[in-house]
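# Structural features, examined
Listed here are the chains, written in short residue letters.
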Amino acid sequence: MALEPMAIGVMLGVGEAPEESIQKVLDVGVTNAQMGRPADAWLKPAKAQELKKLIRRKKIAITTVFCGFDGESYADIPTVRATVGLVPKATRAARLKKAKQIADFAKILGVKNVAAHIGFVPEDPTDPGYKEIVRTVRNFADHLAKSKQNLCLETGQESGECLLRFIQDLGRKNVKVNFDPANMILYGSGDPIAALKLVGKYVAGVHCKDGAPPTEKDKLGTEMPLGKGDVGIQRFVQTLAGLGYKGPLTIEREITGDQQRKDIVKARKLLERIRAKVLA
Ligand code: MG
């Protein structure tokens, strides 16, 4: 299903009941979504085929599948450091295996982009841990390359400079960026617009999310409804357009329940106005 330029979509978290989750995409008035990792049972090929049929029936385009791993917590920065992504050593091998399983699930769905938080990559490239994580991420990227899929690195836990160096050190053509400007603010990783310009040519997906910076050491900032935080969402979309980005604008609102739906609908309307101006 071909999407129009900067098609507005939503980040879809799926759990035990993907059928219900998928309906939530339509409920906020969009027809494309990035999809979180479903429960393990759904990763099996037969269940993935079933899900593919359901998505087709609902006429939804899945633009990216997101990796997530058991045991991850975003409670505060030390916890993210210890638990998130492929960086923590104790879980690395098992998570790499799981990541490949999620990639194969995405392949069955016909989804080219697979995204992940890698975790806190060491900022110092001479750190022995840096080389190890480069090797691990290359291994994952090479698995994806076999089926012409991309690995999209979710931004936020590092500065734009570090991310650019990491991509260059990986040296794999299928390594891209899923740019989340709010994460950069929530983690205090620098100005998202400057970072976006730095890694612009690698951007294959974005999260339209907003937030305010941390006010306490080791804490994350506060995620906010789109347009209410420090991202400057209009400038963000304008900068994307200036870079020639034509991919989807995926709304992410990391709360649950009816407030999430209401905030996403408002975000959609805000993005519709911005998009009309930017593409005019
Ligand atoms: Mg995000």
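Residues numbered from 1 in each chain as written. Predicted model: local features only at pLDDT ≥ 70, side-chain atom pairs only at ≥ 80, totals over all residues. Heavy atoms only, no water.

## Looking at the overall build of the protein
Scanning the protein for helices and strands turns up ten helices and ten strands. The C-alpha radius of gyration of the protein comes to 18 Å, within 12% of the 19 Å expected for a compact globule of 280 residues. If one aligns the C-alpha atoms of the protein with their principal axes, the spans along those axes are about 45 × 45 × 35 Å. Burial statistics for the protein: of 280 residues in total, 55% are counted as buried. Within the protein, residue pairs in contact and separated by at least 24 positions form 74% of the contacts whose partners lie at least 6 positions apart. Of the accessible surface of the protein, which amounts to about 12800 Å², a share of 52% is contributed by carbon and sulfur atoms. Where the 45 positive side-chain charges of the protein centre and where its 32 negative ones centre are 7 Å apart. (Helix = DSSP H or I, 4+ residues; strand = E, 2+ residues; numbered from the N terminus. Rg over C-alpha atoms; globule rule 2.2 N^0.38 Å. Buried < 20%, exposed > 50% of the residue type's maximum accessible area, 1.4 Å probe, protein only. Contact = heavy atoms within 4.5 Å. Areas by Shrake-Rupley, 256 points an atom, 1.4 Å probe, with all protein chains shown as cover. Lys, Arg positive; Asp, Glu negative; His and termini not counted. Charge placed at Lys NZ, Arg CZ, Asp CG, Glu CD.)

## Looking at the pattern of salt bridges
A full pass over the atoms with the stated rule returns 17 salt bridges. With its nearest N and O atoms 3.6 Å apart, the salt bridge here joins Glu4 to Arg275. Of this pair, Glu4 sits in the segment before strand E1 (8-12) while Arg275 is found in helix H10 (residues 257-279), placing the two residues 271 residues apart along the sequence. In this structure Arg275 comes out as buried when scored by relative accessible area, which is 18%. Beyond isolated ion pairs, a larger network of salt bridges with shared partners links Arg37, Asp40, Asp70 and Lys98. (Salt bridge = Lys/Arg side-chain N within 4 Å of Asp/Glu carboxyl O.)

## Topic: the sheet that holds strand E4 (residues 113-116)
Taken in spatial order, the eight strands of this closed barrel run E1-E2-E3-E4-E5-E6-E7-E10, and their pairing is parallel. Taking the axes of each pair of neighbouring strands and ignoring which way they run, one obtains an average angle of 30° across the sheet. Here helix H4 (residues 89-109) sits on the sheet in contact with strand E2 (32-35), strand E3 (61-66) and E4, set at roughly 175° to E3. (Pairing = 2+ DSSP bridges. Axes fitted to C-alpha atoms, helices over the stretch in contact; angles between N-to-C directions.)

## Considering the coordination of the magnesium ion
Protein-derived ligands of the magnesium ion are Glu154 (OE), Asp180 (OD), His207 (ND1) and Glu252 (OE), with the metal-ligand distances lying across 2.0 to 2.2 Å. Counting residues between consecutive donors of the magnesium ion along the chain gives the motif E-x25-D-x26-H-x44-E. With Asp180 in the loop between strand E6 (175-179) and helix H7 (181-186) and Glu252 in the loop between strand E10 (249-251) and H10, this residue pair connects regions lying 72 residues apart in the sequence. With respect to class, Asp180 is no different from Glu252; both count as buried. (Donors = N, O, S within 2.8 Å, 3.2 Å for Na, K, Ca; no water.)

## Concerning the environment of Lys98
Topologically, Lys98 is positioned in helix H4. Taking the C-alpha atoms as reference points, Lys98 and Asp40, 58 residues apart in sequence, are found 9.5 Å from one another.

## Thoughts on the packing of aromatic side chains
The full count for this structure, using the stated rule, is three aromatic pairs. Taken together, a centroid distance of 6.1 Å and an interplanar angle of 65° make the contact between Tyr130 and Phe166 edge-to-face. One end of the pair, Tyr130, is in helix H5 (residues 128-145); the other, Phe166, is in helix H6 (residues 160-170), and 36 residues separate them in sequence. Under the relative-accessibility criterion, Tyr130 is labelled buried at 4%. Aromatic pair Phe179 and Phe236: ring centres 6.0 Å apart, planes at 35°, arrangement tilted. Taken together, the residues span a long stretch of sequence, with Phe179 in strand E6 and Phe236 in helix H9 (residues 233-242) at a distance of 57 residues. Exposure class is identical for Phe179 and Phe236. Each is buried. Directly above the ring of Trp42 sits Lys47, whose terminal nitrogen or CZ lies 4.2 Å from the centroid. Directly above the aromatic system of Phe120 lies the positively charged group of Arg81, at a separation of 4.2 Å from the ring centroid. (Phe/Tyr/Trp six-rings, centres within 6.5 Å; stacked < 30°, edge-to-face > 60°. Lys NZ or Arg CZ within 6 Å of the ring centre and 35° of its normal.)

## A look at the pairing of strand E7 (residues 203-208)
The buried fraction of E7 amounts to five of the six residues, a majority that puts the element mostly inside the structure. Bridge count for E6 against E7 is three bridges, and the pairing is parallel. Each bridged residue has a counterpart across the sheet, and for Asn178 the counterpart in E7 is Gly205. With three bridges joining them, E7 and E10 adopt parallel strand pairing. Looking at E10, one finds that His207 is bridged to Thr250.

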